[in-house]
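Breakdown of the fold
Okay, here's what each chain looks like letter by letter:
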Amino acid sequence: MKKTIIATAVTALLASTAIAQDATVGVDAGAGASADTPSLDAGASTDTNVDAGVDTNTGASGKANANAGAHANANAGDVADNTYGSVMASIKSSANLDLSSITDESQISIVLLSSLQGDAATESASLDAELSANTDAQAGLHSRLEGNSAISAKLEAEGHAIEDVVSVKTKADGSVIIYVDDRG
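All figures in this text were calculated on a predicted structure; none of them were measured in a lab.

1. Concerning the overall build of the protein
- Broken down by element type, the protein carries 5 helices and 6 strands.
- Sequence separation of at least 24 residues holds for 65% of the intrachain contacts in the protein that already meet a minimum separation of 6.
- Element-wise, carbon and sulfur atoms account for 54% of the exposed surface of the protein, whose accessible area totals about 10900 Å².

2. Quick word on the pattern of salt bridges
- Taken as a whole, this structure holds 6 salt bridges when the rule is applied.
- Residue K169 pairs with D81 through a salt bridge whose shortest N-O separation is 2.7 Å. Separated by 88 residues along the polypeptide, K169 in strand β5 (residues 165-170) and D81 in the loop between β3 (64-75) and α2 (84-94) bring together distant segments of the chain.
- Owing to a relative accessible area of 4%, D81 belongs among the buried residues under this scheme.

3. Some remarks on the nonpolar core
- Counting 16 residues, the largest nonpolar core has L145, I151, L155, V165, V168 and I178 as its most contacted members.
- Where this core is concerned, the elements lending two or more residues are β4 (108-112), α4 (135-146), α5 (149-157), β5 and β6 (176-180).
- Apart from residues lying up to four places away in sequence, V165 is in contact with Q138, L141, H142, L145, L155, I178, Y179 and V180.

4. Focus: the sheet that holds β4
- Strand order in this open sheet of 3 strands is β4-β6-β5, and the pairing throughout is mixed. Strands at the two margins of the open sheet, each flanked by one partner only, are β4 and β5. If you compare each strand with its neighbour and ignore which way they point, the axes differ by 20 degrees on average.
- The sheet contact formed by β5 and β6 spans 5 bridges and is antiparallel. Within β6, the residue paired with V168 across the bridge is I178.
- Running at roughly 85 degrees to β5, α2 makes contact with β5 and β6 of the sheet.
- Docked against the sheet, α5 engages β4, β5 and β6, running at close to 50 degrees with respect to β4.

5. Focus on the environment of V168
- Considering the arrangement of structural elements, one finds V168 in strand β5.
- Separated by 10 residues in the primary sequence, V168 and I178 place their C-alpha atoms 4.6 Å from one another.
- With near-sequence residues (within four places) excluded, V168 lies in contact with S90, S94, L97, L99, L141, L145, V176 and I177.

6. Overview of the pairing of β6
- The buried fraction of β6 is high, at 5 of 5 residues.
- The side-chain alternation of β6 yields two buried faces, one formed by V176, I178 and V180 and the other by I177 and Y179.
- Relative to β6, β4 runs parallel, the two sharing 5 bridges. Bridging across to β6, I110 finds its partner in I178.
- Between β5 and β6, which pair antiparallel and follow one another directly, the connecting turn spans 5 residues, one of which, G174, has a positive phi of 90 degrees.

So, how was this worked out
Residues numbered from 1 in each chain as written. Predicted model: local features only at pLDDT ≥ 70, side-chain atom pairs only at ≥ 80, totals over all residues. Heavy atoms only, no water. Helix = DSSP H or I, 4+ residues; strand = E, 2+ residues; numbered from the N terminus. Contact = heavy atoms within 4.5 Å. Areas by Shrake-Rupley, 256 points an atom, 1.4 Å probe, with all protein chains shown as cover. Salt bridge = Lys/Arg side-chain N within 4 Å of Asp/Glu carboxyl O. Buried < 20%, exposed > 50% of the residue type's maximum accessible area, 1.4 Å probe, protein only. Core = buried A, V, L, I, M, F, W, Y, C linked by side-chain atoms within 4.5 Å. Pairing = 2+ DSSP bridges. Axes fitted to C-alpha atoms, helices over the stretch in contact; angles between N-to-C directions.

As structure tokens, then:
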């Protein structure tokens, strides 16, 4: 039995060498998967990306070279920051938010309301109601934003006015999200 397996393997190797003498065969297979789970109130989510690829090359020698790799990456919070619920929750908290720690070195991101995930037809009306209920807080926020040069510069660089800001959210890592109403 052992001799039969060895003979079969040698025959297969010789046959593949004869067939692939001057030929190179490449196979590349890749797969990806992503799962997102937003959380509206806690501001947390899971974003998992998995990529796997296999490269197999057979050269003139008939020897197969295989390279396989896999990569996994998990990010929390990215999806939840782009939802109507996240903006509505941050409206109340940004009324008393201390902006003095936000400097030119801070990572500042601008999220446009037109890019939010969710049902704009229904959730936009809820957002507008929340903004109307907090007009005094909005005025105070705008006043504090004018006093922060890093935020003012970021808004100006991207073509937005302070009056268009509806909320500011700071994250645990010190980064800042500025929600801008671009709905016109």
